[in-house]
Amino acid sequence: MLNEFKKFIMRGNVLDMAVGIVIGTAFVAIVRSFVNDIIMPPIGLLLGGIDFSNLFILLKQGVTPGPYLTVAEAQEAGAVTLNYGVFINTIISFLIIGFAIFLIIRKVNSMKKKEEAAPPSTKECPYCFTVIPIKAKRCPNCTTELAK
């Protein structure tokens, strides 16, 4: 059973998937930081100094009565909150990740098309069916003169 597990783990697909998950996790962390630390502060500043990560609706007061200025204060007091600002940040992160993946897939697809579109370098003789260079005017095998 241990040998079967080793064979399974050492397969190329499993290793590729593991590498993809690790890189994807790191990419998500980078995008999350980009959204929270680079994109949202200027947007909040333009909208009057709003910190999106602290936008919430108080559903139930905590042990210590409010008002709570931040989500952390509300959670510390045991209040129940609806954190729509964090949700907005998450949506923006999702859109950026989705767009980045779209660009990667688009690039990979265009590279595949270039590989597929490479002109053939050989052709088949219609008389003896030997593979010959595309520019050949006479088949080297059967010596038939070939039409263009």
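For clarity, every value in this text was computed on a predicted model and none was experimentally measured.

Quick notes on the rules
Position numbers for residues start from 1 in each chain and track the written sequence from start to end. Per-residue local features are limited, in this predicted model, to residues with pLDDT of at least 70; the limit for side-chain atom pairs, both in listing and counting, is 80 or more; totals at the level of whole chains, interfaces and linings are taken over all residues. Derived side-chain values reflect all non-hydrogen atoms in the structure, with water molecules and hydrogen atoms excluded from consideration. One speaks of a salt bridge when a side-chain nitrogen belonging to Lys or Arg is within 4 Å of a carboxyl oxygen belonging to Asp or Glu. Here's how the labels work: a residue is buried when its accessible area is under 20% of the maximum for its type, exposed when over 50%, partly exposed in between, all with a 1.4 Å probe on protein chains only. Two cysteine sulfur atoms form a disulfide, by the criterion used here, when they sit within 2.5 Å. What pLDDT expresses is the predictor's confidence in each residue, scored from 0 to 100. Secondary structure elements follow DSSP: runs of H or I of four or more residues count as helices, runs of E of two or more count as strands, with numbering from the N terminus. A patch consists of residues exposed above 30% relative accessible area that lack any salt bridge, with like charges linked at up to 9 Å and nonpolar side chains (Val, Leu, Ile, Met, Phe, Trp, Tyr) linked at up to 5 Å. Per-residue and other accessible areas were derived by the Shrake-Rupley procedure at a 1.4 Å probe size, with only the shown protein chains allowed to occlude residues. Polar contact is defined as a pair of N or O atoms within 3.5 Å, subject to the rule that within protein one atom must be able to donate a hydrogen and the other to accept it, and that residues adjacent in sequence are counted only when both atoms are side-chain atoms. Whether two residues are in contact is decided by their heavy atoms, any of which lying within 4.5 Å being enough.

As enumerated under the stated definition, the model contains 1 salt bridge in all. Between E145 and R138 there is a salt bridge, with the nearest N and O atoms lying 3.2 Å from each other. According to the relative accessible area criterion, R138 is partly exposed, its value standing at 46%.

To continue, consider the state of the cysteines. Scanning the entire structure with this criterion turns up 0 disulfides. Considering cysteine sulfurs only, C128 is the nearest to C125, which forms no disulfide, with 3.7 Å between them. Taking the relative accessible area as the measure of exposure, C125 reaches 0% and is therefore buried. Sulfur of C128: no disulfide; nearest cysteine sulfur belongs to C139 and is 3.5 Å away. Judged by relative accessible area, C128 falls into the partly exposed class, the value being 25%.

Here the protein shows a mean pLDDT of 86. Residues at 70 or above account for 97%. Averaged over each element, pLDDT in the protein is lowest for helix α1 (residues 2-9) (79) and highest for strand β2 (residues 80-82) (93).

Now for a nonpolar patch on the surface. A contiguous nonpolar patch, built from I57, L59, V80, L82 and Y84 and spanning about 440 Å² of accessible area, is present on the exposed surface. When residues of the nonpolar patch are traced back to their parent elements, those giving at least two are β1 (57-60) and β2. Secondary-structure assignment places V80 in strand β2. For V80, a relative accessible area of 39% translates into the label partly exposed.

Attention now moves to the side chain of T81. Topologically, T81 is positioned in strand β2. Here the side chain of T81 touches N83 through a polar contact of 2.8 Å, side chain to side chain. In this structure, T81 is in contact with F56, I57, L58, L59 and A74, ignoring residues within four places of it in sequence.

Among all residues except glycine, the phi angle is most often negative; among peptide bonds, the trans geometry is most common. Phi is positive for F129, close to 60 degrees, though the residue is something other than glycine. As for its placement among the helices and strands, F129 is situated in the loop between β3 (122-124) and β4 (131-133). Residue classification places F129 among the exposed residues on the basis of a relative accessible area of 56%. Backbone geometry at T143 places phi at a positive 60 degrees, although glycine is not the residue there. If you trace the backbone, T143 turns up in the segment after β4. By relative accessible area, which is 49% here, T143 ends up partly exposed.

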